[in-house]
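# Coordinate inspection notes
For reference, the chains in residue letters:
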Amino acid sequence: MADTAYHKFDTTRVPAPKGCPVDHDFSPFSETYVKNPYVVLERLRDQSAVFYAEKLGYLVLTRMEDVAEVFRKPDIFAAANVQDPVLPICDAAAEILSVADYDPIAVLSNRARPDHTRIRKHAQAGFSSRRMKILEPFIRRRCETLVEGMLMSGDRAEFVAALAHPLPGETIFRFIGFPEADDQQLKDWTTNRLAFTWGEASDEEQIDIAHKVLAYWRYCAAFVAARYDAPADDFASELLAAHIADPVDLGYNEIRSVIYGLSFAGHEIVSNLLSNGLINLLSTPGLWAKICRDPSLIPNAVEEILRFNSPQTSWRRVATRDTELAGYQIPAGTQIFLSLGSANHDENLFDDPGTFDIHRANAGAHISFGRGIHFCLGNRLAILEATIALQTLAERIPALSLVENQTYSYFPNFTFRGPKELWLKW
Ligand code: HEM
């Protein structure tokens, strides 16, 4: 498989670094971790900040210092593996994606320098302040309508379906330039890709997702071709203008691949941010009333949600050469599990890290958006969506609260965290 393939299906395992503690139980798929990763991570951090997880075949880093060091050295700790399925894909699903016209390539999150720098320059230009200003009224309008829909439905609503899921999907589709008329189809194709890459999808689910992923790729390809002929004021057209100005500096298939990747990168993760945030804000006595009285508290509250209960609790890297890390000799090919969730609760950086505190002075020192050359391109957009959603809810539903006695269910996976359902009442 080419180095620039979007997904690689390499399952080679490199054994534990010499002298490194080995943990035979740790798995982000385990019931206890899925229920509350922070309890598991605190214990592990105390026992051994760095260990080799035998079940995964990954070296696990739990301290902020070590996680940040890996992000800072992208040539030694490459991001090449971040989009690869964690568990092997069944033959039938792989076959569906082996057709000649399914040819997305690694462009941002899993592309190395110098190409990453070249492509990111164009993509970053598209996430401009101007583009955010254009999107903001759309996000506000959509939040108003979705909250109105919640209120119209009675005295309670399931928040994921009512707002958390539709808002980020539609926002990213408008950002790219996809027509509103296609929203339902697009949501159907793009939801669940997380299960394919980071989850434990059954063969049947994998086949279904592979069909959707292929259909979505074909849609992206046709959309880019249409925008080439008839540009508009959107992200896709901006990338195409850069390509037309200099086709070597930004390739045509690179544009298709950036667009393809964005709706996965910017959708379900923001849904999870919104739901995780409301769980924390509404379960701390008196906090929602305080926010409703003073909405200027929202921006720091969003940072604290990202620190305390991030929608992304881990990310990956792979060592490109023999090297040293946290005092161990790491062989080339070692896969690394960066525990962002653990680093965000590191006692060396955050006082009383297990307390949710929207006034925390250094809440923004979290590492939920990564760091270094791959730092999340959509961070401003995610924060904008979360801020507007919370502002709208605080203004329209000051009596908002959690429906009592509900238990949250999370889908077992390697990296992402957010409740499948969240019932709210007012
Ligand atoms: C709360 C929401 C989000 C979180 C927690 C998040 C987190 C992350 C993380 C951890 C990375 C990897 C950083 C690294 O490897 O150093 C990343 C990369 C990326 N994110 Fe996000 N993300 C969020 C929302 C979004 C949104 C809304 C978009 C797009 C609209 C987006 C687009 C991207 C892209 C394109 C990359 C790859 C950047 C590169 O490699 O140059 N993300 N994100």
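These numbers come from a predicted model, not from an experiment. Numbering of residues starts from 1 in every chain and runs along the sequence as written. Reporting of local features is limited, given that this is a predicted model, to residues whose pLDDT is at least 70; pairs of side-chain atoms are given and counted only at 80 or more, and all residues count toward the totals for whole chains, interfaces and linings.

### A closer look at the overall build of the protein
Defined as follows: Helix and strand definitions here come from DSSP, where helices need a minimum of 4 consecutive H or I residues and strands a minimum of 2 consecutive E residues; each element is numbered from the N-terminal end. C-alpha atoms define the radius of gyration in this analysis, and the globule rule sets the expected value at 2.2 Å times the number of residues to the power 0.38. Here a residue counts as buried when 20 or more other C-beta atoms fall within 10 Å of its C-beta, as exposed when 12 or fewer do, and as partly exposed in between; the C-beta atoms come from the backbone. By definition, residues are in contact whenever their C-beta atoms, placed on the basis of the backbone, come within 7 Å of each other.
When you go through the protein residue by residue, the secondary structure sums to 18 helices and 11 strands. On C-alpha atoms alone, the protein measures out to a radius of gyration of 21 Å, which is about the 22 Å that the 2.2 N^0.38 rule sets for 426 residues. On the principal axes, the C-alpha backbone points of the protein span a range of 60 × 55 × 40 Å. When the 426 residues of the protein are sorted by exposure, 44% land in the buried category. In the protein, of all internal contacts separated by at least 6 residues, the share reaching a separation of at least 24 is 77%.

### Concerning the sheet that holds strand β5 (residues 156-158)
For clarity, the threshold we go by: Pairing between strands is defined by DSSP: at least two bridges between the two strands are required.
Spatially, the three strands line up as an open sheet ordered β5-β11-β10, and their pairing is antiparallel. Edge positions in the sheet fall to β5 and β10 (401-402), since each of these pairs with one other strand and no more. Sheet topology places β10 next to strand β11 (residues 423-425); two bridges connect them, and they run antiparallel. Residue pairing across strands places Leu402 opposite Leu424, the latter belonging to β11.

### A few points about the site of the ligand
We count it as follows: To decide nearness, the C-beta atom of each residue is placed from the backbone, and the residue is near a molecule or strand if that atom lies within 6 Å of it. Side-chain classes are defined by residue name, with Ala, Val, Leu, Ile, Met, Phe, Trp, Tyr, Cys and Pro counting as nonpolar, Asp, Glu, Lys and Arg as charged, and the others, Gly among them, as polar.
Residues in close proximity to the ligand total 28 residues, the closest being Gly266, Gly370, His374, Cys376 and Gly378. When contributions to the shell around the ligand are tallied by element, the ones reaching two or more residues are α13 (252-265), α14 (268-283) and α18 (379-396). Residue contributions to the shell around the ligand peak at three residues, all from α14. Looking at the shell around the ligand, its residues break down into 17 nonpolar, nine polar and two charged.

### Here's the deal with the nonpolar core
Our working definition: To count as a nonpolar core, a set of buried Ala, Val, Leu, Ile, Met, Phe, Trp, Tyr and Cys residues must be joined through C-beta atoms within 7 Å.
Of all hydrophobic cores here, the largest spans 81 residues; its most connected members are Leu163, Ile176, Val258, Ile259, Leu274 and Ala389. If sequence neighbours within four positions are ignored, Ile259 has contacts with Ile176, Cys220, Val224 and Ala236. Formed by 34 residues, the second largest nonpolar core is a distinct cluster that contains Phe26, Met64, Ala80 and Phe337.

### As for the environment of Lys55
Relative to the helices and strands, Lys55 resides in the loop between β2 (50-53) and β3 (58-61). Each C-alpha atom of the pair Lys55 and Asn300 lies 37 Å from the other, and the pair is 245 residues apart in sequence. Those residues in contact with Lys55 that sit more than four places away from it in its chain are Phe26 and Ser27.

### Some thoughts on α13
Heads up, the rule is: The span you would expect from a helix comes to 1.5 Å times its residue count less one.
The end-to-end C-alpha separation of α13 is 20 Å, in line with the 20 Å expected for 14 residues at 1.5 Å each. Burial analysis of α13 places 11 of its 14 residues in the buried class, the great majority of the element. Buried within α13 we find Glu254, Ile255, Arg256, Ser257, Val258, Ile259, Tyr260, Gly261, Leu262, Ser263 and Phe264. Its buried side turned inward, α13 meets α5 (115-126), α8 (166-176), α9 (183-190), α10 (193-198), α11 (203-229) and α12 (235-245).

### Notes on the sheet that holds strand β1 (residues 22-23)
Under the convention used in this document: To define axes, lines are fitted to C-alpha atoms, for helices over the stretch in contact only, and angles between the resulting N-to-C directions are given on a 0 to 180 degree scale.
Here six strands make up an open sheet; going across it, the order is β1-β2-β3-β9-β6-β4 and the pairing mixed. On the outer flanks of this sheet lie β1 and β4 (77-78), each paired with one strand and no other. Docked against the sheet, helix α3 (residues 64-72) engages β2, β3, β4, β6 (314-319) and β9 (335-339), running at close to 125 degrees with respect to β9.

### Description of the packing of α11 against α13
Selection criterion: Note on angle classes: values under 35 degrees are labelled roughly parallel, values over 145 roughly antiparallel, values of 65 to 115 roughly perpendicular, and the remainder oblique. Crossings are classed by handedness, with left-handed meaning an anticlockwise turn of the near helix from the far one by less than a right angle and right-handed meaning a clockwise turn.
It is at 9 Å that the axes of α11 and α13 come closest, and there the two elements cross at 130 degrees. Judged by the inter-axis angle, α11 sits oblique to α13. Note on packing geometry: the crossing formed by α11 with α13 is right-handed. Across the interface between the two elements, Trp217, Cys220, Ala221 and Val224 of α11 pack against Ile255, Arg256, Ile259 and Tyr260 of α13. A class-by-class count of the residues in the contact of α11 with α13 yields seven nonpolar, no polar and one charged.

### Points about the packing of helix α6 (residues 129-152) against α8
Packing of α6 against α8 brings their axes to within 10 Å, and their N-to-C directions diverge by 150 degrees. With respect to their mutual orientation, α6 and α8 come out roughly antiparallel. Once α6 is placed against α8, the crossing between them reads as right-handed. Residues Arg131, Leu135, Phe138, Ile139, Arg142, Cys143 and Leu146 of α6 lie in contact with α8, whose contacting residues are Pro166, Leu167, Glu170, Thr171, Arg174 and Phe175. Considering only residue class, the contact of α6 with α8 consists of eight nonpolar, one polar and four charged.

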